[in-house]
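Fold and geometry: a report
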Amino acid sequence: ERHNPHSIASLRRQIATHLAAPCPGVPAACAISYNTVVLSVANTLTNAGTVTVASEGSLILGTGVAIYTGYTQLANGTLGEVITPTGFGILNVNGGAYLNGTLDIMLQSGFNLAPGTSYEFLTATGVNGTFSNVLDTIFNGGSEQWAVTYGSNFVELTAEALSLSEHWNGGAGN
């Protein structure tokens, strides 16, 4: 029996192999449809590497029905964006990206970024919507914050200095 690299069984093995490290437990939640690869992740995708969604494929994050190809993040889905001194997660979508749900920014403990440092972590032929919730936006002991920029074909995080006045809660002795 010859090995067919495009068979459904082979595609399942490739997804399991490539996603096992950044997404523990995801292969059991994968769904593959005929002639297209559809990967459904029930809750959270933590990306510390590079995920590419082909133009004929779909990556669906969250539970519910997605009607688009490309990347669809539903209201109950969470994308965990890992940032370390040696790299960050990248999501390349050869199609549209439809955003909602949560972006969880996971900065490696002790990694101090210079203000102005940017990470373009999502690229697509078109970006629609925004993350409805962004977690862990303040870091480095409260001295910096993440700014999320939504472009027509990308999403980017930029480290910005945070002034003390932006955190003032009022009270005596000011």
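Here the residue numbers are simple positions, counted from 1 along each chain's written sequence. Totals for whole chains, interfaces and linings use all residues, but because this is a predicted model, local features are given only for residues with pLDDT of at least 70 and pairs of side-chain atoms are given and counted only at 80 or more. With hydrogens and water stripped out, all remaining heavy atoms of the structure feed into the side-chain values.

1. Looking at the overall build of the chain
Only DSSP runs of H or I with at least four residues qualify as helices, and only runs of E with at least two residues qualify as strands; both kinds are numbered from the N terminus onward. The helix and strand tally for the chain stands at one helix and 17 strands. Exposed residues in this analysis have more than 50% of their type's maximum accessible area, buried residues have under 20%, and partly exposed residues fall in between, with area computed by a 1.4 Å probe over protein chains only. Counting only residues that meet the buried cut, the chain has 38% of its 174 residues in that class. Contacts are assigned to residue pairs with any non-hydrogen atoms lying within 4.5 Å of each other. Excluding contacts between residues fewer than 6 apart, the proportion of contacts in the chain whose partners are at least 24 apart in sequence is 59%. Put simply, the chain shows about 9,200 Å² of open surface, and 53% of that area lies on carbon and sulfur atoms. In this description, accessible areas are obtained by the Shrake-Rupley approach with a 1.4 Å probe, and a residue is regarded as covered only by the protein chains that are shown.

2. Some points on the environment of Asn76
Its place among the elements puts Asn76 in the loop between strand S6 (70-73) and strand S7 (78-84). Residue Asn76 is classed as partly exposed on the basis of its relative accessible area of 37%. In this structure, the C-alpha to C-alpha distance between Asn76 and Thr44, residues 32 residues apart in sequence, is 9.0 Å.

3. Focus on the side chain of Thr102
Note on placement: Thr102 falls in strand S11 (residues 102-107). By relative accessible area, Thr102 is classed as buried at 12%. With residues near it in sequence (within four places) discarded, Thr102 still touches Gln73, Gly77, Thr78, Leu79, Phe131, Asn133 and Leu135.

4. Considering the sheet that holds strand S15 (residues 138-139)
Sheet architecture is open: six strands sit in the order S4-S9-S12-S17-S16-S15, paired in mixed fashion. Each edge of the sheet is formed by a strand with only one pairing partner; in this case those strands are strand S4 (50-53) and S15. Strand pairing is defined by DSSP finding a minimum of two bridges between the two strands. As judged from the seven bridges shared by strand S16 (residues 144-150) and strand S17 (residues 154-161), these two strands associate in the antiparallel manner. Looking at the pairing, Thr149 lines up with Glu156 of S17.

5. Concerning unusual backbone geometry
Positive phi values are uncommon outside glycine, yet Asp136 reaches one of about 60 degrees. By secondary structure assignment, the location of Asp136 is in the loop between strand S14 (133-135) and S15.

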